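Listed below, chain by chain, are the residues.
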Amino acid sequence: MKILVVDDERDIQQLFEQRFRKEIKNGEFEFVFTFSAPEAIQYLNRIQHEVVLILSDINMPGMSGFELLSEIKKKFKTPPPIVMMITAYGDDEKHRQAIELGADDFLTKPLDFHILKTKLKSLE
Amino acid sequence: MAIEKDMPLKSILFFFTFLIISGCGQSEQQMPLSQNTTEFSSSSGWLSWWAVLAYFLIFAGLLRLWVRVRSRRLLIENARLEQKLNERTEALSTALDSLRQAQSQLIQAEKMASLGELTAGIAHEIQNPLNFVNNFSEINTELIGDINKCLEEGNISEARNLLKDIELNMGKITFHGKRADTIVKGMLLHSRASSGQKTPTVLNDLADEYLRLSYHGLRAKDKSFNARFVMDFDEKTGDLMLVQQDIGRVFLNLFNNAFYAVTEKKKRMPEGYEPTVTVTTKRKKDSVEIRIRDNGQGIPKKVIAKIYQPFFTTKPAGQGTGLGLSLSYDIVTKDHGGKIDVITKENEFTEFIVELPVLPAE
């Protein structure tokens with residue numbers, strides 16, 4: 001499963017690669033990292049059909065995660081990738097906004113990778 | 001009132017003047033009748049010299065009495081006026097104390113409002129490094145378990161690879177732990193009353209920190225808020241002697257105003273407009289210049305002269321105390337001997353220019 005991770009924090013790449021070490025090694029998951037929403041859109045424009053799931057931070061400089069979500073839902077419909085929003089806030093309002101914009105799920109920082117792994121495995 | 005009060009006196013004076021003149025006239029008329037005698041005729045006893053003297057004494061007594069009454073009245077009036085004056089002075093003093101108290105409360109409210117914005121931004125800022133500290137720590141715990149397995153299996157090279165990963169992760173834990181520490185210290189500095197003590201400060205770092213705090217604070221407050229910010233810092237700015245939390249407060253105020261201006265413009269021009277705030281620093285001969293420029297709605301000409309006045313604000317009621325720029329002006333000019341200036345064009349941009357002196361090396 002190809003997963004696109006969008007977050008302006010660059011250390012997120014090392015974190016995911018460490019946390020999913022075994023899954024990456026056995027080919028269960030493949031992670032691609034972009035560090036801004038425009039970068040993510042550029043990547044999706046190139047090879048959207050391969051990406052199954054997008055994990056995106058909400059608060060990023062410039063284009064926010066919610067704007068990226070709206071753009072994805074508008075432009076990439078066949079098939080639409082699953083979008084999970086990740087944020088540092090975790091309040092009901094952000095959750096509601098994410099769901100209203102079409103997000104498939106919502107996670108809060110600090111990320112609980114056990115929960116994330118369970119969710120990702122359920123999508124396989 | 002004066003005329004009425006003086007009427008009795010005038011009447012008395014007129015009466016006695018008449019008597020004296022009449023008495024003198026009568027005395028003169030009587031003289032031819034009896035030039036060799038000094039006695040007066042008994043038929044004009046009421047005008048005789050002793051009578052006149054008596055009248056004079058009575059007059060003098062009445063005059064004295066009148067003067068005493070007037071004096072007493074004046075004293076009473078004086079006392080009444082003095083009491084009135086004291087009451088008014090006390091009322092004014094109380095009003096002044098209330099105004100001072102209200103002013104301090106507003107200043108504190110301004111501080112708490114900016115602290116509230118900082119808190120929201122800080123909550124976001126802290127959860128990011130916490131995410132890395134928690135997760136890299138858990139990863140390392142798992143890796144230690146994996147290393148033990150490798151050692152049991154005799155797979156030394158794999159164990160060494162895993163140790164390298166542990167080392168890298170520890171570096172991240174330390175980095176993000178210090179990042180969280182800096183954020184908390186920054187928040188504590190802001191919430192404390194200014195010590196007034198200047199300390200050597202890397203201005204670029206201070207500007208960077210407060211720009212991010214302002215940005216995230218506003219994001220926390222307004223979910224629709226979004227803007228681009230650009231930092232262009234001169235590496236040669238060096239250390240300046242600053243009261244950090246005060247200059248931080250100045251930065252926070254200027255950044256908040258800049259983001260507000262671009263947000264308001266975005267509401268009016270949603271298409272094709274990219275809200276941008278640019279912060280630049282530049283080392284000059286004896287000072288460092290910081291420019292905070294936004295491509296927002298600008299400041300109208302009729303308002304520009306008032307922007308540093310305490311309690312002046314162009315924001316809707318409840319959205320600002322109007323003390324931000326006033327406080328910032330005092331901090332920069334009075335406390336740091338610097339300058340603050342603004343150039344603006346309505347509907348196009350506003351740029352605040354803060355210049356802080358570089359103290360000569362001792």
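Residues numbered from 1 in each chain as written. Chains lettered and ligands numbered in written order. Predicted model: local features only at pLDDT ≥ 70, side-chain atom pairs only at ≥ 80, totals over all residues.

### Observations regarding the overall build of chain A
Thinking step 1. The helix and strand inventory of chain A stands at six helices and five strands.
Thinking step 2. Traced from its N-terminal end to its C-terminal end, chain A shows the element sequence β-α-α-β-α-β-α-β-α-β-α.
Thinking step 3. Counting only residues that meet the buried cut, chain A has 35% of its 124 residues in that class.
Thinking step 4. Contacts spanning at least 24 positions in sequence make up 61% of the contacts within chain A whose residues lie at least 6 apart. (Helix = DSSP H or I, 4+ residues; strand = E, 2+ residues; numbered from the N terminus. Buried ≥ 20, exposed ≤ 12 C-beta atoms within 10 Å, placed from the backbone. Contact = placed C-beta atoms within 7 Å.)

### Observations regarding the nonpolar core
Thinking step 1. Counting residues in hydrophobic clusters, the biggest one holds 36 residues, and the most contacted among them are A207, Y210, F251, F255, A258, F259 and V277 of chain B.
Thinking step 2. When contributions to this core are tallied by element, the ones reaching two or more residues are α4 (203–221), β3 (239–242), α5 (244–268), β4 (276–283), β5 (287–294), α7 (324–335) and β7 (349–357) of chain B.
Thinking step 3. Of all hydrophobic cores here, the second largest spans 34 residues; its members include F29, L69, V83 and L120 of chain A. (Core = buried A, V, L, I, M, F, W, Y, C linked by C-beta atoms within 7 Å.)

### Concerning the interface of chain A and chain B
Thinking step 1. Contact with chain A, which involves 17 residues of that partner, is made by 19 residues of chain B.
Thinking step 2. Per-element tally for the side of chain A that touches chain B: the top contributor is helix α1 (residues 11–19) of chain A, with five residues.
Thinking step 3. Within the side of chain A that touches chain B, the residues separate by chemical class into seven nonpolar, six polar and four charged. (Nonpolar A, V, L, I, M, F, W, Y, C, P; charged D, E, K, R; others polar.)

### Considerations on the sheet that holds strand β4 (residues 82–87) of chain A
All names here are of chain A.
Thinking step 1. Strand order in the open sheet formed by five strands is β2-β1-β3-β4-β5, and the pairing between neighbours is parallel. Here the strands that pair on one side only, and so sit at the sheet edges, are β2 (30–34) and β5 (105–108). The mean inter-strand angle of the sheet, taken between neighbouring strand axes irrespective of direction, is 20 degrees.
Thinking step 2. Relative to β2, strand β1 (residues 2–6) runs parallel, the two sharing five bridges. Bridge pairing in β2 links L4 to V32.
Thinking step 3. In this fold α1 packs onto β1 and β2, with an angle of close to 170 degrees to the strand it touches most, β2. (Pairing = 2+ DSSP bridges. Axes fitted to C-alpha atoms, helices over the stretch in contact; angles between N-to-C directions.)

### Details of the sheet that holds β7 of chain B
Two orientations exist for strands paired in a sheet by backbone hydrogen bonds: parallel and antiparallel.
Residue and element names in this part refer to chain B.
Thinking step 1. Taken in spatial order, the five strands line up as β2-β4-β5-β7-β6 in an open sheet, and their pairing is mixed. The strands lining the two open edges of the sheet, one partner per strand, are β2 (228–232) and β6 (339–345). Ignoring which end each strand starts from, the neighbouring axes of this sheet average 15 degrees apart.
Thinking step 2. In the packing of α5 onto the sheet, contacts are made with β4, β5 and β7, and the angle to β5 comes to roughly 25 degrees.
Thinking step 3. Against the sheet, α7 makes contact with β6 and β7, and its axis sits at roughly 135 degrees relative to β6, the strand it touches most.

### What to know about the packing of α5 of chain B against α7 of chain B
Residues and elements named next belong to chain B.
Thinking step 1. At a closest axis distance of 9 Å, the pairing of α5 and α7 adopts a crossing angle of 140 degrees. Relative to α7, the element α5 lies oblique. Once α5 is placed against α7, the crossing between them reads as left-handed. Across the interface between the two elements, D246, I247, R249, V250, N253, L254 and N257 from α5 touch G324, L325, S328, I331, V332 and D335 from α7.
Thinking step 2. A breakdown of the residues in the contact of α5 with α7 according to their chemical character gives six nonpolar, four polar and three charged. (Parallel < 35°, antiparallel > 145°, perpendicular 65-115°, else oblique. Left-handed = near helix turned anticlockwise from the far one by under 90°.)

So yeah, pure geometry; function would need other evidence.
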